[in-house]
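# Working through the structure, step by step
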Amino acid sequence: MYHILEFLRKYYYILIFIVLEIISFWALFRFNNYQGSVWLTSANSTTAKINRLYYDIATYWHLGEVNRKLTSENLRLQQEAHALREALLDQKVEGTFLDSITRTSISGYQYIDAKVIVNSDGKKNNYIVIDKGANDGITRDMGVICGNGVVGIVCITGPRYSLVTPIINKHSNISCRIRGERHFGTLQWDGKDCRYVYLDEIPRYAKIKKGSIIETSGHSSVFPPGLYVGKVNSVNDSPDGQSFRLKVELGTDFLTTRDVNIVITPYKAEIDTLQLYANRAYTDEPS
Amino acid sequence: MLQKTLSLIGLGMLLTLLQATLFNHIHLLGYAIPLPYVYLLIKFPSNTPRIVYLVTGFLLGLIVDIFSNTPGMTAASLCAIGLVTPWLFNAFAPKDRGEEILHPSTRSMGAKSFYLYAFFITLLHCIIFFCIETFTFFNLQVLLLKIMCSTALTFGLIFVFEHLHPRRSKASS
């Protein structure tokens, strides 16, 4: 406080100077037509610039929300596209009434928004932590996807957070197929490059070319069928020479993924119970 | 002291009167306008408080503005001159004067220092005044020409005043 007073005492004349200049310029702009109009014009353009800046900043702050909406929208559209594609295929092959009824009843997957909290980038066994857990209805073995494709599968859930095993983890194996071909195999990562995974066990008679789209097969209850995973980068022979081994370029960039969705499969409990029953029934048989 | 103050007030009134009646009508070649009222600020003694420089500059400017129908223009420029005059004065005044009060003139400061001091203040005043008057740098050549011609004319007038003034003060004392 003392310093402020001391400063004012020493430099009070600057303050007076500013006041007098303000009065002078007020008179200048008020009573001189030319200077007044110049001032008004430039003041207007300055106001416009400030408004523009404010608008830009406001837009920037809303980008997160926009991004989240776009991710959801993208997923919805992918689902729709898949449904339409399937419908088209069915129209070509066999369009029975019963089949379409079954299909409608199975559709209707639900999605929960989540954010990536931890992302172990580029290690051998990667993992992702998301900010939704058992309290939000997440359980083990639920699929995790984002706008660009499949991310991974929920491994462990806590009350508020969950651990996800992404595709780029050596323990991950997700059943995938080639779009339009219906040959399927298991997607596995070799632990080297985060951008590429391998799809094994594709029969040699399958018609595959570079750029073919790999999607989820829907053979497990984890992912709905037809979700985009990636594109075929190159077609190689498997080590035993019996089948193809496809190098797949992933659609998801794991290093930058922030917004994800968790897939809640309807009737998952039912499917799981049946699978459990099947496992018990067939393994308990005396061999 | 009182006599000096009164003589400065008289000088201020004289300069205002001259500006209103005579100098406002001089537009040499359309470029040179004499603005010699700045002479008053130049003549302020060394012990003048800064606030007096500012307020005098502002008021003198306002009065001149009223007579020449340019509200704010001279007031703004002369007020700015009031801010910088003490600094310029300290830069040109003799360093060994001690506590003695100095009345700026050719005799007290030396002709060279005084005229340099007067010239810089005149130049600065003309720059600020014409920048405010044109209020654009669109026609920079004309602006520079105006500043140069007016500085030369004003400085010439101050030179004349300075040569008249001592004789007048000598006669009065």
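Residues numbered from 1 in each chain as written. Chains lettered and ligands numbered in written order. Predicted model: local features only at pLDDT ≥ 70, side-chain atom pairs only at ≥ 80, totals over all residues. Heavy atoms only, no water.

What follows deals with the interface of chain B and chain A. Each side of the interface is counted separately: chain B has 21 residues, and chain A has 19 residues. Considering only the side of chain B, the residues that lose the most area to chain A are B:Phe58, B:Pro71 and B:Phe135, jointly responsible for 33% of the buried surface there. Joining chain B to chain A, the criterion identifies 0 salt bridges. Where chain B touches chain A, the interface holds 5 residue pairs in polar contact (both at pLDDT 80 or more). Mapped onto the side of chain B that touches chain A, the elements with two or more residues apiece are α3 (50–68), α4 (73–92) and α6 (111–134) of chain B. Per-class residue counts for the side of chain B that touches chain A are 14 nonpolar, 5 polar and 2 charged. (Contact = heavy atoms within 4.5 Å. Buried area = accessible area lost by both parts, 1.4 Å probe. Salt bridge = Lys/Arg side-chain N within 4 Å of Asp/Glu carboxyl O. Polar contact = N/O pair within 3.5 Å; in protein donor to acceptor, adjacent residues only side chain to side chain. Helix = DSSP H or I, 4+ residues; strand = E, 2+ residues; numbered from the N terminus. Nonpolar A, V, L, I, M, F, W, Y, C, P; charged D, E, K, R; others polar.)

The way to describe two aromatic rings as a pair is by their centre distance and the angle between their planes. By the definition in use, this model includes 19 aromatic pairs over all chains. Between A:Tyr60 and A:Trp61, the ring centres sit 6.5 Å apart and the planes meet at 75 degrees, which makes this aromatic pair edge-to-face. Classification of A:Tyr60 as exposed rests on a relative accessible area of 58%. Given the relative accessible area of 66%, A:Trp61 is considered exposed. On the numbers, 5.6 Å between centres and 90 degrees between planes, the contact of B:Phe119 with B:Phe155 is edge-to-face. (Phe/Tyr/Trp six-rings, centres within 6.5 Å; stacked < 30°, edge-to-face > 60°. Buried < 20%, exposed > 50% of the residue type's maximum accessible area, 1.4 Å probe, protein only.)

Okay, the domain arrangement of chain A next. It is common to report an interface's size as the accessible area lost on association of the parts. Taken domain by domain, chain A comprises domain 1 (2–61) and domain 2 (67–267). The gap between the C-alpha centroids of domain 1 of chain A and domain 2 of chain A is 59 Å. (Domains from an automatic or database assignment.)

So, about the sheet that holds strand β11 (residues 243–250) of chain A. All names here are of chain A. On the basis of which strands lie adjacent, the closed barrel formed by 6 strands has the order β6-β7-β8-β11-β10-β9 and antiparallel pairing. Between one strand and the next, the sheet's axes are offset by a mean angle of 40 degrees, whatever the strand orientation. Relative to β11, strand β10 (residues 228–237) is paired through 7 bridges, and the arrangement is antiparallel. Across the sheet, Gly-230 pairs through a bridge with Leu-250, a residue of β11. (Pairing = 2+ DSSP bridges. Axes fitted to C-alpha atoms, helices over the stretch in contact; angles between N-to-C directions.)

Moving on, we come to the packing of helix α1 (residues 2–31) of chain A against α3(B). Interaxial distance between α1(A) and α3(B) falls to 9 Å at its minimum, and their mutual angle equals 5 degrees. Considered as vectors, α1(A) and α3(B) are oriented roughly parallel to each other. Judged by residue contacts, A:Tyr12, A:Tyr13, A:Ile16, A:Phe17, A:Leu20, A:Ile23 and A:Ser24 of α1(A) engage B:Arg50, B:Ile51, B:Leu54, B:Val55 and B:Phe58 from α3(B). Residues belonging to the contact of α1(A) with α3(B) are distributed by class as follows: 10 nonpolar, 1 polar and 1 charged. (Parallel < 35°, antiparallel > 145°, perpendicular 65-115°, else oblique.)

Here we come to the sheet that holds strand β4 (residues 149–157) of chain A. All names here are of chain A. Taken in spatial order, the 6 strands of this closed barrel run β1-β2-β5-β4-β3-β12, and their pairing is antiparallel. Neighbour to neighbour, the strand axes of the sheet diverge by 45 degrees on average, direction disregarded. For strand β1 (residues 110–119) and strand β2 (residues 128–130), the ladder comprises 3 bridges, and the chain directions are antiparallel. Its bridge partner being in β2, Val-116 is matched across the sheet by Ile-130.

Okay, α3(B) next. Taking 1.5 Å per residue as the helical rise, α3(B) with its 19 residues ought to reach 27 Å, and the 27 Å between its terminal C-alpha atoms agrees with that figure. Positive backbone phi, approximately 55 degrees, marks B:Asn69, located one or two places after α3(B). (Expected span 1.5 Å × (residues − 1).)

Turning next to the side chain of B:Thr74. All names here are of chain B. Of note, Thr-74 is situated in helix α4. Of note is the side chain of Thr-74, whose polar atom sits 2.6 Å from the side chain of Asp-65. With residues up to four places along the chain from it excluded, the contact list for Thr-74 reads Tyr-37, Gly-61, Val-64, Asp-65, Cys-79 and Phe-129.

As a further point, take the environment of A:Ser243. Residues and elements named next belong to chain A. Looking at the element boundaries, Ser-243 is found in strand β11. The class for Ser-243 is buried, based on a relative accessible area of 13%. Along the backbone, Ser-243 and Ile-202 are 41 residues apart, and their C-alpha atoms lie at a distance of 5.5 Å. Residue contacts for Ser-243: discarding those within four places in its chain leaves Glu-201, Ile-202, Arg-204, Asn-236, Asp-237 and Ser-238.

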